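Chain residues, written in single-letter form:
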Amino acid sequence: MRWLLDTNIFIAAMKGADAVRPRLEQTPLSAIVLSPVVLGELEVGVAKSA
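What counts as what
- Residues numbered from 1 in each chain as written.
- Predicted model: local features only at pLDDT ≥ 70, side-chain atom pairs only at ≥ 80, totals over all residues.
- Heavy atoms only, no water.
- Buried < 20%, exposed > 50% of the residue type's maximum accessible area, 1.4 Å probe, protein only.
- Helix = DSSP H or I, 4+ residues; strand = E, 2+ residues; numbered from the N terminus.
- Contact = heavy atoms within 4.5 Å.
- Expected span 1.5 Å × (residues − 1).

Comments concerning helix 1 (residues 7–14)
Inference 1: Turning to helix 1, its buried residues number three or more, namely Thr-7, Ala-12 and Ala-13.
Inference 2: Downstream of helix 1 by a residue or two, Gly-16 has a phi angle that is positive, lying close to 80°.

Focus on the environment of Ala-12
Inference 1: By the secondary structure assignment, Ala-12 is in helix 1.
Inference 2: Among all residues touching Ala-12, those that are not within four sequence positions of it are Ala-17 and Val-20.

A short note on the environment of Val-38
Inference 1: Here Val-38 lies in helix 3 (residues 36–49).
Inference 2: Taking the C-alpha atoms as reference points, Val-38 and Ala-13, separated by 25 residues in sequence, lie 14 Å from one another.
Inference 3: Apart from residues lying up to four places away in sequence, Val-38 is in contact with Leu-5, Asp-6, Thr-7 and Phe-10.

Observations regarding helix 3
Inference 1: End to end, helix 3 covers 20 Å across 14 residues, agreeing with the expected 20 Å (1.5 Å per residue, within 8%).
Inference 2: In terms of burial, helix 3 is a largely surface element, one of the 14 residues being buried.

What follows is the structure, given as structure tokens:
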């Protein structure tokens, strides 16, 4: 099974959300998928915070 994640999940994981981070840590990287839109949003967020 693959998981298509959105930006909010990545942000919650980075903030250490108890409901999100452990689940992501248990999920194989090969099962995690993100869309080009999410990748773009994350890149813009990183650029703004630098």
